Amino acid sequence: MTVLVTGSRGAVARALAGLLRERGLAVRAASSRPDGPDTVRCDLTDPSTFAAALKGVTSVFLYADPSHAGAFIEEAAHAGVEHIVLLSSSSVLAPDPEDNPLAKSHLDVERALDASPIRSTSLRPGSFAGNALAWSWSLRSDRPISLPFPGSHSDPIHEADVAEAALAVLTDPGLGGRPYTLTGPESLTFAEQIDILSRVTGRTIPFRQVTREEWKRETAGHIPASYADSLLDWWQSGDGRPVELTRAVPELTGRPARTFATWARDHAGDFPADHPSPGR
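Residues numbered from 1 in each chain as written. Predicted model: local features only at pLDDT ≥ 70, side-chain atom pairs only at ≥ 80, totals over all residues. Heavy atoms only, no water.

Caption draft 1: Focus on the packing of helix α1 (residues 11–22) against helix α6 (residues 159–171). Viewed as axis vectors pointing N to C, α1 and α6 meet at an angle of 50°, and their least axial separation amounts to 8 Å. By the angle between their directions, the pair α1 and α6 is classed as oblique. Remark: the crossing between α1 and α6 carries right-handed chirality. Side by side, α1 and α6 meet where A11, V12, A15, L16, L19 and L20 of the first sit next to E159, V162, A163, E164, A166, L167 and L170 of the second. Among the residues forming the contact of α1 with α6, the class breakdown is 11 nonpolar, no polar and 2 charged. (Axes fitted to C-alpha atoms, helices over the stretch in contact; angles between N-to-C directions. Helix = DSSP H or I, 4+ residues; strand = E, 2+ residues; numbered from the N terminus. Parallel < 35°, antiparallel > 145°, perpendicular 65-115°, else oblique. Left-handed = near helix turned anticlockwise from the far one by under 90°. Contact = heavy atoms within 4.5 Å. Nonpolar A, V, L, I, M, F, W, Y, C, P; charged D, E, K, R; others polar.)

As structure tokens, then:
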């Protein structure tokens, strides 16, 4: 069994590759920007890179890039790939996924896989705990975190839990072939996540509530307006409304999902230390 792990620079893919190697399985790490001799080039926006990356592969862990999903799946079938595990998103379950650019990119790949002869499994995490890393940018600039909806709930999931779920469906034939909605063990507001992060890191983490338009102006340099609106609509829909949680992670991995506090402890070093004022 040889597993092609696409997006190998990402947190989930890195963790999954390590777990597969611990099991003694052959791993082919792939990235659009290989960073070493052990990584092959597989750019999901460039079909010319597919054949070489897929040669001799039996299973694939696939990031959801819809630009050439059909070509990738066709090449995978030609190469004899037996199983594709897609890192999708629970956003595909929204009432209007076709009108949501965040959801549609995942939905298009899911549909392409459903129409293919290859057995596929879609993992649909909700909110990654790692999204909190974006807050470190404000902290490094000594600015409060801007939150349009501090009371909006999400279900932050540790990237290690997603990786372990992927390992389970890749290595147990009885688990694959159907979608799984993955959540963390708690529904937390953004304000609650910041409070947990503050307690774990031992630093003061201020935030301020801003309007939708203020947040869009602040993030215009790295988030396209259509995606920003989708995010804002999602956060607004969860304002004051706890997220429905699933038991997919413990059912697949055999143990409870990691809490946001665990994630915060694991990533405390990614957040800048407090800078005491003179005389403090």
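There's more to say after this.
Caption draft 2: The pattern of salt bridges, seen in detail. In the structure shown here, the tally under the stated rule is 15 salt bridges. Residue E164 pairs with R258 through a salt bridge whose shortest N-O separation is 3.0 Å. Taken as a pair, E164 in helix α6 and R258 in the loop between α10 (248–253) and α11 (260–266) lie far apart in primary sequence, 94 residues in all. One salt-bridge network, held together by shared partners, links D161, E164, R255 and R258. (Salt bridge = Lys/Arg side-chain N within 4 Å of Asp/Glu carboxyl O.)

Caption draft 3: Seen up close, the sheet that holds strand β6 (residues 119–125). The 7 strands lie next to each other as β3-β2-β1-β4-β5-β6-β9, forming an open sheet whose pairing is parallel. For this open sheet the edge positions go to β3 (39–41) and β9 (180–182), each flanked by a neighbour on one side alone. For this sheet the average axis-to-axis angle between neighbouring strands, irrespective of direction, equals 25°. The pairing of strand β5 (residues 83–87) with β6 spans 5 bridges and is parallel. Bridge assignment links I84 to a residue of β6, and that residue is S120. Along the sheet face, α1 touches β1 (2–5), β2 (26–31) and β4 (59–63) and points at about 165° away from the line of β4. Where α6 meets the sheet, its contacts fall on β1, β4, β5, β6 and β9, and the angle it forms with β6 comes to roughly 165°. (Pairing = 2+ DSSP bridges.)

Caption draft 4: Looking closely at helix α8 (residues 212–219). Within α8, burial applies to W215, K216 and T219. The arc that holds every buried residue of α8, seen down its axis, measures 100°, which confines them to one face. Turning to α8, the residues buried within the fold contact β7 (145–147) and α9 (225–237). (Buried < 20%, exposed > 50% of the residue type's maximum accessible area, 1.4 Å probe, protein only. Arc of directions from axis to C-beta.)

Caption draft 5: View of the pairing of β5. A large share of β5 lies buried, amounting to 5 of its 5 residues. Across the two faces of β5 the burial is the same, with H83, V85 and L87 and I84 and L86 all buried. Strand direction decides the pairing type here: β4 and β5, joined by 5 bridges, are parallel. Bridge pairing in β5 links L62 to L86. Each parallel crossover has a hand, and for β5 linked through helix α4 (residues 101–114) to β6 it is right-handed. (Right-handed = clockwise from strand over helix to strand, strands pointing away.)

Caption draft 6: Representation of the nonpolar core within the structure. One finds V5, L16, L20, F61, Y180, L182 and L252 to be the most contacted residues of the largest nonpolar core, which totals 29 residues. Looking at this core, the elements that each hand over two or more residues are β1, α1, β5, α6, β9 and α10. For this core, the leading source of residues is α6, giving 8 residues. Those residues in contact with L16 that sit more than four places away from it in its chain are V5, F61, A163, A166, L167 and L170. The next biggest cluster of nonpolar side chains, apart from the first, holds 24 residues, and it includes F149, L188, L197 and W263. (Core = buried A, V, L, I, M, F, W, Y, C linked by side-chain atoms within 4.5 Å.)

Caption draft 7: How the structure looks around the environment of L62. Along the chain, L62 falls in strand β4. For the pair L62 and P173, spaced 111 residues apart in sequence, the C-alpha separation works out to 17 Å. Dropping the residues within four chain positions of it, L62 is found in contact with T6, L44, F72, I84, V85, L86, L87 and V109.

Caption draft 8: Focus on α1. Between its terminal C-alpha atoms α1 stretches 17 Å, which fits the 16 Å expected from 12 residues at 1.5 Å a residue. For α1, the complete set of buried residues consists of V12, A13, L16, A17, L19 and L20. Looking straight down α1, one finds its buried side chains confined to an arc of 165°; they lie on one side. What points out from α1, more than 90 degrees from its buried face, is the exposed set R14 and E22. Buried residues along α1 sit in contact with β1, β2, β4 and α6. Where α1 ends, the next residue or the one after it, G24, has phi of about 80°, a positive value. (Expected span 1.5 Å × (residues − 1).)

In short, geometric facts, not functional conclusions.
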